[in-house]
Every structure is written in C-alpha cells, then in structure tokens.
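# Descriptive analysis of the structure
Here is what each chain is made of, one letter per residue.
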Amino acid sequence: MFLATSVIADWRQDYLEALQAAEAGAWQAAEGRLRAAIAGRPEARRRARLVGAIPQPYLPHYWLGRAAFEQGDCAAAAESWTTSLEQGAVRSEADLWASLEEDLGHCSALVELQRRSATTAGSEGEALRRELASLAARRAFDDLAGLRQRLDDLIERQSTDQDPALGSSAPPMALPTEVAAEPSREDSREGPIEPAAPPVDPAVESAAVTVVSEASPSPDDSREGATEVPSEAARSGPGGPDAAAVVVAPWRRGAEEYFAGRYRAALGELAGVGGGPAALLRAASHFALWRLSGEQAEEQRAAMARELAACHRLAPDLEPAAALFPPPFRTLFAAAEP
C-alpha cells in the first residue's frame with residue numbers, strides 16, 4: 001500500500017515540477033520530469049487531482065512535445081504531440097490544442113524535408129541538411145517553402161545527372177519512390193493528427209455520427225441528398241440537446257472517414273452530396289490535407305475556401321462543433337463569406 005501511494009504521489013509531483021521548469025524555460029529539466037510522470041501515469045486526463053481540491057488538466061505528452069520542440073527536436077515533438085492528440089484530453093484546452101496543431105504542422109513538414117534531404121549527395125545536399133537543422137533549432141519555419149523548392153530542384157538534378165539513359169557514366173542514385181495511391185479504409189492514418197481529427201467518442205460510434213453544433217436546414221437543403229434533421233430527443237452531442245445534430249446517410253460514411261483521419265476517403269464518400277453539413281465535412285477534409293502538406297498544397301486551401309462559402313450559403317446557421325473540429329478550422333469557418 002505504501003509503495004502504491006508513493007508512486008501516485010511521485011507522478012503528480014513530477015508533473016508539477018515539470019510545469020514549473022517549463023514556465024522558467026528550463027526545457028531539458030522539464031523533459032526529464034515529464035518522462036518520469038509518464039512512467040507513473042501515461043494516460044492524459046482532462047481533470048486530475050494534482051494538488052489541492054481543484055482538478056487541473058494532466059497533459060504530459062503535450063508538454064513533452066513542447067519540451068522537445070523548444071529544444072529543436074521536431075521529430076520527437078511530433079511523436080509526443082501525436083500521442084497527445086490520440087489520447088484526446090488536450091482538446092479540452094483550446095489554446096493548447098491550437099498551438100499544438102500549428103506547430104505539429106510545421107514539424108511534420110520539416111521532418112519530411114529532412115527525410116528527403118538524406119537522399120541527396122554532395123555539398124549542396126549537406127548545406128540543405130544544415131539549414132534544415134538550423135530551422136528546427138531556431139523554430140523558424142518561414143523559409144520552409146523556399147527550402148522545399150531547392151530540395152525538389154536538387155533531387156531532380158541529381159536524378160537526371162546520374163541516369164544512365166541520359167548518357168552519364170555514374171551509377172544511378174537510389175531515390176525513394178513516392179507512392180500517391182488513394183488510401184483504402186484499411187489504410188493507416190494519412191498523417192500525424194490531427195491536426196484535425198479528434199478521437200471519436202462512443203456517441204459517434206453509434207448508429208449516427210455527430211458532426212455539427214447546429215444544423216437548421218435551409219431551403220436549398222430540401223433536395224435529394226440533404227440531411228434529415230433529428231428531433232430534440234435524437235440530439236445527443238456534447239453539451240446537451242442543442243449542442244449537436246445527427247447526420248444520416250448519405251453523409252454518414254464520409255463523416256466516419258473524416259473522424260477516422262482518412263481525409264481523401266472522406267472526400268470520395270462526400271463527392272456530389274448536397275447540403276451544408278456535407279460541404280462542412282468536405283471543407284474540414286481539405287483543411288486537414290492542407291495542414292498535413294505543411295500548408296503548401298494550395299489546391300487544398302482553395303478547395304476548402306470554396307466549400308466553406310458553399311456551407312454558409314446552404315446552411316447559414318450551421319457551426320462546427322468545438323469538441324470535434326480544431327480551433328484554426330473554426331476560425332477560418334467564422335471568417336468565410338458566402
């Protein structure tokens with residue numbers, strides 16, 4: 001009994017000391033205390049009794065990712081933040097969730113560039129790798145687009161220079177094969193998470209999928225393919241009877257794909273489906289793909305803008321639920337015009 005009580009006390013103390021170290025900017029010390037806390041209690045909690053009678057959020061993987069990020073280790077930060085998103089408790093803290101999603105997008109893009117730069121040779125490749133490492137250390141991501149273009153050009157040049165079919169005597173350099181196949185429902189998630197897609201709670205796994213906080217149909221929604229707005233008794237989303245509406249076929253499968261993190265599959269299921277909530281889900285899917293590209297896929301951003309405008313036209317009173325859609329997407333939704 002004494003041993004169990006000591007372990008419980010230790011993870012709480014480790015976590016509180018980690019937060020104090022983080023507030024002081026002592027990120028290495030914070031990392032050590034967070035790892036100790038995770039060893040004692042790995043699961044995050046929206047509310048935990050850390051000290052006194054007032055519950056506080058227990059988010060060790062979020063803060064471990066932040067410690068790695070502040071020390072310039074984007075790969076470790078992305079790993080910890082992905083775990084934090086999968087556990088879901090960080091969604092209860094809007095500011096932390098927003099910062100996590102933004103920084104995770106940057107880190108994911110940077111890690112991908114570092115992976116691709118490892119395939120390059122010579123002084124140019126080495127210079128690119130040094131610059132990418134410097135960006136991570138400085139947490140400066142404004143130059144990612146320029147470095148991406150330089151890397152693309154270098155890979156193309158080196159591939160051409162060493163292709164025997166083009167007359168070079170040098171052996172061909174092995175380059176990774178980029179596979180762009182459409183993911184099936186059995187595929188793994190398209191990227192770190194999600195940003196965008198929180199874990200589906202038990203209510204969403206039932207016969208219907210909760211996706212929006214209000215879904216009053218507009219006249220345009222009366223055509224075939226529009227939603228069936230449930231009765232008050234059928235509304236069971238977070239926050240009470242008015243907090244969510246239930247989307248039924250033909251949108252259900254698209255919603256399931258979106259909340260499972262399969263954004264391209266969601267777009268496939270929602271293609272041609274009418275109504276405001278379908279447009280909302282398409283917009284959210286395009287947003288997630290845009291963020292996973294490191295905000296480089298302009299076609300995804302443009303498609304998101306079109307779907308947001310359509311959503312406002314078709315269902316002016318519709319709003320994305322705060323518990324299910326990430327804060328940056330909801331900000332863009334609020335700023336969009338029909």
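Refer to the structure presented above.
These lines cover the structure that appears in this document, whether it is placed above or below. (Residues numbered from 1 in each chain as written. Predicted model: local features only at pLDDT ≥ 70, side-chain atom pairs only at ≥ 80, totals over all residues. Heavy atoms only, no water.)

## A word on unusual backbone geometry
The phi angle at Arg 139 is positive, at roughly 55°, despite the residue not being glycine. Within the fold, Arg 139 resides in the loop between helix H6 (122-138) and helix H7 (144-161). (Helix = DSSP H or I, 4+ residues; strand = E, 2+ residues; numbered from the N terminus.)

## A closer look at the packing of helix H3 (residues 60-70) against helix H5 (residues 94-117)
Relative to each other, H3 and H5 sit at 45°, their axes nearing to 11 Å. For the element pair H3 / H5, the angle class is oblique. As for how H3 packs across H5, the hand of that crossing is left-handed. Here Tyr 62, Trp 63, Arg 66 and Phe 69 of H3 lie close against H5, whose contacting residues are Leu 96, Ser 99, Leu 100, Asp 103 and Cys 107. (Axes fitted to C-alpha atoms, helices over the stretch in contact; angles between N-to-C directions. Parallel < 35°, antiparallel > 145°, perpendicular 65-115°, else oblique. Left-handed = near helix turned anticlockwise from the far one by under 90°. Contact = heavy atoms within 4.5 Å.)

## Thoughts on the state of the cysteines
A complete count under the given rule lists one disulfide for this structure. Each sulfur in the disulfide pair Cys 74 and Cys 107 lies 2.4 Å from the other. Across the S-S bond of Cys 74 and Cys 107 the torsion is about -65°, and the bridge reads as left-handed. Within this pair, whereas Cys 74 is found in helix H4 (residues 74-87), its partner Cys 107 is found in helix H5, the two being separated by 33 residues in sequence. Neither residue differs from the other here; Cys 74 and Cys 107 are each classed as buried. (Disulfide = S-S within 2.5 Å. Buried < 20%, exposed > 50% of the residue type's maximum accessible area, 1.4 Å probe, protein only.)

## Notes on the environment of Pro 320
Mapped onto the secondary structure, Pro 320 falls in strand E5 (residues 319-320). Its relative accessible area of 9% is what places Pro 320 among the buried residues. A C-alpha to C-alpha distance of 9.4 Å links Pro 320 and Ala 334, two positions 14 residues apart in sequence.

## Here we look at the packing of helix H2 (residues 27-40) against H3
Look at H2 against H3: their axes get within 9 Å of each other, and the N-to-C directions meet at 150°. In terms of orientation, H2 lies roughly antiparallel with respect to H3. At the point where H2 passes H3, the crossing takes the left-handed sense. Note on element contacts: H3 touches H2 through Pro 60, His 61, Trp 63, Leu 64, Arg 66, Ala 67 and Glu 70, opposite Trp 27, Glu 31, Leu 34, Arg 35 and Ile 38.

## Description of the nonpolar core
In globular proteins that are soluble, nonpolar side chains generally tend to be buried together. Judged by nonpolar contacts, the single largest core of 41 residues is most densely connected at Leu 59 and Trp 81. Take this core: its biggest share by element is eight residues, from H5. If sequence neighbours within four positions are ignored, Leu 59 has contacts with Tyr 15, Ala 44, Arg 45, Ala 89, Val 90, Glu 93 and Leu 96. Formed by 30 residues, the second largest nonpolar core is a distinct cluster that contains Trp 251, Leu 270, Leu 281 and Leu 318. (Core = buried A, V, L, I, M, F, W, Y, C linked by side-chain atoms within 4.5 Å.)

## A look at the packing of aromatic side chains
Within this structure, the stated rule accounts for twelve aromatic pairs. Ring pairs connect the aromatic residues Tyr 258, Phe 259, Tyr 263, Phe 287, Trp 290, Phe 325 and Phe 329, which therefore count as one cluster. (Phe/Tyr/Trp six-rings, centres within 6.5 Å; stacked < 30°, edge-to-face > 60°.)

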